[in-house]
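# Results of the structural survey
Residue strings, one per chain:
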Amino acid sequence: MYVKGALGCIIVADITNPDSLTGALRWKEVIEENADHVDGKMIPMVILQNKYDLLENQGRKLDFQTEDYIKEFANKHDFKAGYQVSAKSNMNLDNSIECLVKNTLKMNI
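One structure accompanies this document, and this report is about it. Note that the coordinates shown come from a computational prediction; the quantities given were computed from them, not determined experimentally.

## Looking at the overall build of the protein
The helix and strand tally for the protein stands at three helices and three strands. Mapped from its N terminus to its C terminus, the protein presents α and β elements in the order β-α-β-α-β-α. For the C-alpha atoms alone, the extent of the protein along its principal axes is close to 45 × 25 × 25 Å. The 109 residues of the protein split such that 39% are buried.

Put into structure tokens, the structure is as follows:
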């Protein structure tokens, strides 16, 4: 993976797979080890739990599938934000990209 010169990062996890968040943390480590730092700070990263559309008919969600969980997970692991998204239905994609862009601009102004 080439991350030199990156100004921000989105890491995507699968909301239907609890192990996917562990994998996302491994990707975060790789990025932290290889990305350029801006004024000594790590580039902003946002974590997304994708495939929310698969849960719409599920009824009760598991703990790791709740909005509160991904927000707390993001905060605990130093992501700028955490969102539940659906690439299929375009749910929360604009919000998550806007968050990353705003945080990237804050660092690079």
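Now that the structure has been shown, we can carry on.
## Some words on the nonpolar core
Formed by 15 residues in total, the largest nonpolar core has its most connected members in Ile-11, Ile-31, Ile-47 and Phe-79. Listing elements by their share of this core, those giving two or more residues are β1 (9-14), α1 (19-34), β2 (45-50) and α2 (67-76). Not counting residues within four places of it along the chain, the set of residues in contact with Ile-47 comprises Ile-11, Leu-21, Ala-24, Ile-70, Phe-73, Ala-74, Phe-79, Ala-81, Gly-82 and Tyr-83.

The rules we used
Residues numbered from 1 in each chain as written. Predicted model: local features only at pLDDT ≥ 70, side-chain atom pairs only at ≥ 80, totals over all residues. Heavy atoms only, no water. Helix = DSSP H or I, 4+ residues; strand = E, 2+ residues; numbered from the N terminus. Buried < 20%, exposed > 50% of the residue type's maximum accessible area, 1.4 Å probe, protein only. Core = buried A, V, L, I, M, F, W, Y, C linked by side-chain atoms within 4.5 Å. Contact = heavy atoms within 4.5 Å.

The analysis is restricted to geometry; functional conclusions fall outside its scope.
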